[in-house]
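Observations on chain architecture
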Amino acid sequence: MTSRRSDGGITTVDGMPEQCLERQPHPSLFQQHGEPPQHGAHDGLVMHELNRLGERPFEDLCRALAVHVLGVGIQAFGDGPDGGREASFEGPLTYRGASGPWIGYGVLQAKYRRSGHGNKDTEWLRQQITSELDAWLDPVRQRVTAGRRPEYLIIATNVRLSSVPSTGGIDRIERLLREYADRLSLKDIALWDANSLSMYLDANPEVRQSFLHLIASTDVLAKAFTTLDRLDSVLRATTIRVGQGLPANERAFRAAYLRAGGLHVLGEPTSEVYDDGPGWVQHFHGGPGHAEAVICARGGHDPVAMDVTIWDALRTYSPGQLTDVGYPVHPASPAFIDGTSRSVTLDGGQWGPGEFVRHDEGPWLWEPQRSFSFETREQDRWTSTGDRVDLRLRCAARLLWQHTERAIDGLGRQRLRTALAAGPLATLATALARRMELSTDAGRWERTPADEGYNDQRFASYRLRLTGKSGRTALGLWARFQLPDGLQPTIVALVDLRIDITALPASGGTPSDSFTRLDLHDLQRFFAAAWTTAHHDLPLAVTATPQDERPAGPGVTELHLHAEHANALTDGRAHNLLDLIDLTTLGEPTRNSLPRMSIAVTSAPVSRTQVDGLISDALRHMAEGFGFLEPEDDT
């Protein structure tokens, strides 16, 4: 912006008066800046009340100043998220940076803080800048794939930054911008804070006079003479086409507009189409008697029209520009998703296919679409080859919560133990023990020893054992809960049922005489009890209301059947699953040896009354996947 003569004088640039340029705080990021003016008048510079403008007028102010400071060759953008730009410009410009005049493509981005003053202004601005520049670094973002990365960048803000060396706001923001300038290969970046903008407003009174809150007493007369001309331009209608801003897809947006009811339902557009994460959006003011609306489209899918209240709920639920939950998809969605809708089908997000649902008058919630898979990974967690038994049944839930910064404390353990004692697992163990002629007197939940499971702020591990011969565990239940470890965000809630036939009483001469094969009813009963325990009881270790936790992705629950001594003759026994569980009601097995079976279920949280049906479906899918076939009539 400025250059010094050899005699120490100031050369006027961009038509600014010398007295203004002498007080310029930091016209370009890579220039040395001095002490910013204090609030109020100081050496002729007035700190204008930028905090009274509001977000939209502030953006207009920045664009107007850019025309005067940079030149007339800039392009302004309309309402709605702007893809990282309030205006763009193409050099050469008279604006000077550390290396001379700016020559190339640049972008102006305005950041307005509603609260205005406060000790956290600098931190707020850091977060805003980081979010914007990370978006430019993301190669899959629409602003990058369908747009153009800038060579120059101006960050304008109503935040007033201090000039305390090293620790002041100006130095802190400059360090951040220098870091991103290298990563984005930017030629130069300028920071216009409240000090700089006030200086520019002093130098350009015609801009100041266009904004009511900034008018000084000396501006009133000039304002009166220009009012009529300005009213004519302000009141002149600006027409925005449906689909404007996305030329290749205007026809698709127009078709969605007409399909949803057109002008009568959606009204006129209030913004051009803009990119928002994995898709595009256009806003509408709503037809007569109708609320505001949007048309949105995920890449590769037809646009969908919806009530703005549902759109706002989606954006609140997924702050990452719908990157997580995805977009409504057509034709799964109706032509217009109105405010009475209770379910919206979503796809294209990192969380996979899902539904955005609202139960009764409660909040909107994201739920994954139910699916079954044979990709499991929890079959051997917390097990070792040294303590194998004949049969292990396992239910393992992997949960993802948006806020997992918590710990297991004494109150949480008390809630958990109370739930385990009153839950369905203890009743199941008692019934099985009676069938196996085991005493149920000593069966109670207790903390596991360290070699069976950890117990600390991240782990809760409990067991219920029923002993047989020589005091060995013949029938046991293990319930374990694990919080994330910082390397991965998954919560694991796991329940095991383990049976050691050699520890059973010998009713007919051998221990196996005391064991009757489990059947499909036994499996159904265990997995229903274990599912309820994993999803509703074990999370009580960290929260009294697990049902209120907002997911950060789809929950997956694995069901496992494992004959731990299958194919390995140990202590005179070699049992596979078909020796231990009667699975004939699921079909005819096609394999002679079957050591283990498992399945993974992706589903929304289900109530206790819905678990039985889900378990039945999961067992049927598992049997089909492991070769259990319907009987065939050979005749």
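Residues numbered from 1 in each chain as written. Predicted model: local features only at pLDDT ≥ 70, side-chain atom pairs only at ≥ 80, totals over all residues. Heavy atoms only, no water.

On to the sheet that holds strand β17 (residues 354-358). Spatial ordering of the open sheet is given by β14-β16-β17-β18, a layout of four strands whose pairing is antiparallel. Each edge of the sheet is formed by a strand with only one pairing partner; in this case those strands are β14 (327-328) and β18 (364-368). Judged from the four bridges that link them, strand β16 (residues 343-347) and β17 form a sheet pairing that is antiparallel. The residue bridging S343 from the neighbouring strand is V357, located in β17. (Pairing = 2+ DSSP bridges. Helix = DSSP H or I, 4+ residues; strand = E, 2+ residues; numbered from the N terminus.)

Moving on: the confidence of the model for the protein. Any residue range with low pLDDT should be treated as having predicted coordinates unsuitable for detailed reading. On average, residues of the protein carry a pLDDT of 81, and 81% of them reach 70 or more. For residues 1-44, every residue scores under 50 in pLDDT, and the model assigns this stretch 110 contacts once sequence neighbours within four places are set aside. (pLDDT = per-residue confidence, 0-100. Contact = heavy atoms within 4.5 Å.)

Now for the sheet that holds strand β15 (residues 336-337). Spatially, five strands are ordered β10-β11-β12-β13-β15 in an open sheet, and the strand pairing comes out mixed. Lying at the two open borders of the sheet, with one neighbouring strand each, are β10 (274-276) and β15. Relative to strand β11 (residues 279-284), β10 is paired through three bridges, and the arrangement is antiparallel. Across the sheet, Y274 pairs through a bridge with V281, a residue of β11. Each of β11 and β12 (293-298) is contacted by helix α9 (residues 250-259), which is oriented at about 135° to β12, the strand it contacts most. Packing against the sheet, helix α11 (residues 308-317) makes contact with β10, β11, β12, β13 (304-307) and β15, and its axis sits at approximately 95° to β13. (Axes fitted to C-alpha atoms, helices over the stretch in contact; angles between N-to-C directions.)

Take the pattern of salt bridges next. For the coordinates displayed, the defined rule picks out 30 salt bridges. Here D582 and R517 are joined by a salt bridge, their closest N and O atoms 3.9 Å apart. Taken together, the residues span a long stretch of sequence, with D582 in strand β27 (residues 581-582) and R517 in the loop between β24 (491-499) and β25 (518-519) at a distance of 65 residues. Relative accessible area serves as the criterion here: at 25%, D582 is assigned to the partly exposed category. A salt bridge links R608 to D537; the shortest N-O distance between them is 3.8 Å. Here the residue R608 occupies a position in the loop between β28 (596-602) and α16 (611-625), and D537 occupies one in helix α14 (residues 520-537), the gap between them amounting to 71 residues. On the basis of relative accessible area, D537 is assigned to the buried category, the value being 6%. (Salt bridge = Lys/Arg side-chain N within 4 Å of Asp/Glu carboxyl O. Buried < 20%, exposed > 50% of the residue type's maximum accessible area, 1.4 Å probe, protein only.)

Taking 1.5 Å per residue as the helical rise, helix α12 (residues 410-422) with its 13 residues ought to reach 18 Å, and the 19 Å between its terminal C-alpha atoms agrees with that figure. Those residues of α12 that sit buried are G412, R413, L416, A419 and L420. Axial view of α12: buried residues confined to an arc of 130°, hence all on one face. Facing away from the buried side of α12 by more than 90 degrees, the exposed set consists of G410, L411, Q414, T418, A421 and A422. (Expected span 1.5 Å × (residues − 1). Arc of directions from axis to C-beta.)

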